[in-house]
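# A look at the structure
Listed below are the residues making up each chain.
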Amino acid sequence: MAAATSAAARQAAAAAATVEACSNRHAVHQGHLAALLNPSPRSPPLPLPLRRRHLPLSPPAASRLAESFPPLPLLVCLLRALRLLPTPPPPRPFDALIKSYASLSRASLAAAALAFARSAGYGPSVPAYNAVLLALSDASLPSARRFLASMLRDGVAPNVYTYNILVRALCGRGQREEALDVVREMRGAGCAPNAVTYNTLVAAFCRAGEVDGAERLIGMMRDGGVKPNLVTFNSVVNGLCKAGRMKYARKVFDQIVKEGLAPDSVSYNTLVGGYCKAGCLHEALSVYAEMIQKGVMPDVVTFTSLIHAMCRAGNLERAVALVRQMKERGLQLNEVTFTALIDGFCKKGFLDDALLVIKEMRGCGIQPSVVCYNALINGYCMVGRMDEARELVREMEAKRVKPDVVTYSTILSAYCKSGDTDSAFQLHQQMLEKGVLPDAITYSSLIRGLCEERRLNDACVLFENMIKLGLRPDEFTYTSLIDGHCKEGSMEQALSLHDEMIKKGVLPDIVTYSVLINGLSKSARTKEAHRLLFKLYHEDPVPANIKYDALMHCCSKAEFKSVLALLKGFCMKGLMHEADKVYESMLDRNWKLDGSVYSVLIHGHCRGGNVMKALSFHKQMLLCGFAPNSTSTISLIRGLFEQGMTVEADQVIQELLDCCSLADAEGSKALINLNLKEGNVDAVVDVLHGMKRDGLLPR
């Protein structure tokens, strides 16, 4: 041991002498060299002396040496071997070793080796610097920035790849503005950003939901003479899909071809996935058909998106058909696909089928995850089989799959719905003991259960505790409390909660308004009903729309859905005059309406028997460029037939079918036309419903 320590000390002294001899010509990174000059007394034996035939080091040889020997003796041996060579020495002799340390995620050693090489008079190349910068950026961003600054001080000119490493690291940490500053530094240093630079930034902005910022970057990209490529457009399409802006996502997708590029599987899968998440099954299937026609083969990602969407829509027959197609193409279902099927079967109450899928899943070597177990637990809870749901929790724990807040909240919610709040609170205590913290959904379920049992005071106490814990109540929480107050006849408190939720940015949904409308109707308080429904002061000497304006302002842009919920609330209760007034007020404010507004009004007027008004809204919807909605249009078709307006009904049917270009729909179209000729209205409507269920008609 003493001999080894002595040998290590001698090596350190020799290295120090070498460094001292060279320090007059090259700046020494003292911090890095200090780490090298303090080898462990337990260092492994030194490597065999390197000879001329070993030089220059090849990358594989350098990697083997870096993995096998301590850094200081290795660097000293390399330096000695270089001194034995005739001049000139091999170019950049330390590069391979520096890159090896960097690739082994030993950033500090890579930096130290680079400093050693410089101090010995062998300047590493820019790619070697880049390798060190990459390793440092993965480990510590401040260290990476200091290293880049040292490069500049040492007179090493960074290239575009150097800056791209830093841009990627900053974007990966969500520091987009700082990444833009680096791009400005690049330009200031005379280094032009390339497509990789811009694509990294575009992807980062899209991931953060800042698609408008990404589009500005594409403009900068073009101004800088860099043409956007497929990666650029795929990032933007992905960002738009995540934001639910599907109409614009399709436009950007179409732009790919206009730019002379060919969409790939990533392009198509992104668009299919976006439509599926938005519930637009018809559009998703259209893109799927287009994908095959263009020769881009669907993969596991494509099928999983479609299967998941079909299961979520309750169309298990179509989901199973897609699974068959998937297997015929030789594609293996993954955990997400299996879980989607299990969830779909459970929500329909087909637990035996769900268990068969789990058996197949295990047969493929895929063990159920917590998400999969949660889907199965939800299935048992939906049919009231609570003991089996609890047994699944014990199975999870036995298989070391840790139950999460969703697991407990699912069972707890089922207890509350069945009126067993005692079991719900016992489970709540158990989850706390297990270290699983309740979330807003857990508390909302308990509050709902207490309200159902007319324990309103207890529910209010729990609501206050929820807020003290920093949990944000959602529309479900507020609606439960509003419903509780309505049932107790406390309309003032119910209306106060309604106003409070709006002030806090929690927007009422259709259930909230339905609860309030019911409560007000039972209380026979017409003036209060008008105040709520229209937000108008009928007697006070203030602007008539002041309260309604406040609601509209709160519901602008992304919150538009709340106004739509109010519209749906009126339509569900048959208050079509009120619904029309909301529509008119939206027009007065020059709001940009979407197809869903017209669909709600068409369906509502059909239910109210005013088919002519529904037809008028249908025509207005088409004039505005919106595709017919299958649900409201089928309702209109039935209403027109019942009124004997067969010519108008035929025209609406053709308008609906014209929106469907899928080959799968041709048989259904023929069947519709045949039944129309025979005057079989019920059969026509049945076929249309089937097409809607299968995603063959627009949503």
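The structure this text deals with has already been given above.
As a starting point, this report considers the structure included with it.

Scoring rules and cut-offs
Residues numbered from 1 in each chain as written. Predicted model: local features only at pLDDT ≥ 70, side-chain atom pairs only at ≥ 80, totals over all residues. Heavy atoms only, no water. Helix = DSSP H or I, 4+ residues; strand = E, 2+ residues; numbered from the N terminus. Buried < 20%, exposed > 50% of the residue type's maximum accessible area, 1.4 Å probe, protein only. Contact = heavy atoms within 4.5 Å. Areas by Shrake-Rupley, 256 points an atom, 1.4 Å probe, with all protein chains shown as cover. Salt bridge = Lys/Arg side-chain N within 4 Å of Asp/Glu carboxyl O. Expected span 1.5 Å × (residues − 1). Arc of directions from axis to C-beta.

### Concerning the overall build of the chain
- A tally of helices and strands in the chain yields 39 helices and zero strands.
- Residues classed as buried in the chain amount to 50% of the 699 residues present.
- In the chain, once contacts between residues fewer than 6 apart in sequence are set aside, the share between residues at least 24 apart is 60%.
- Counting only carbon and sulfur atoms, one obtains 53% of the accessible surface of the chain, whose full area is about 33,500 Å².

### Quick notes on the environment of lysine 568
- Within the secondary structure, lysine 568 sits in helix α32 (residues 560-572).
- Since its relative accessible area comes to 34%, lysine 568 is described here as partly exposed.
- Excluding anything up to four places from it in sequence, lysine 568 contacts Ile510 and Val600.

### Focus: the pattern of salt bridges
- Applying the stated rule across the entire model yields 24 salt bridges.
- The salt bridge involving arginine 168 is made with aspartate 138; its shortest N-O contact spans 3.1 Å. Of the two residues, arginine 168 sits in helix α9 (residues 160-172) while aspartate 138 sits in helix α7 (residues 126-139), which places them 30 residues apart along the sequence.
- Classification of arginine 168 as partly exposed rests on a relative accessible area of 38%.
- Between glutamate 395 and arginine 362 there is a salt bridge, and its shortest N-O distance comes to 3.3 Å. Of the two residues, glutamate 395 is situated in helix α22 (residues 386-398) and arginine 362 in helix α20 (residues 351-363); the sequence distance between them amounts to 33 residues.
- In the salt-bridge network here, residues are joined through shared partners; they are Arg448, Glu452, Asp483 and Lys487.

### Regarding helix α35 (residues 611-623)
- The end-to-end C-alpha separation of α35 is 18 Å, in line with the 18 Å expected for 13 residues at 1.5 Å each.
- Residues of α35 that are buried: Val611, Ala614, Leu615, Phe617, His618 and Met621. Viewed along the axis of α35, the buried residues span an arc of 160°, placing them on a single side of the element. Relative to its buried face, α35 has exposed residues pointing more than 90 degrees away, namely Met612 and Leu623.

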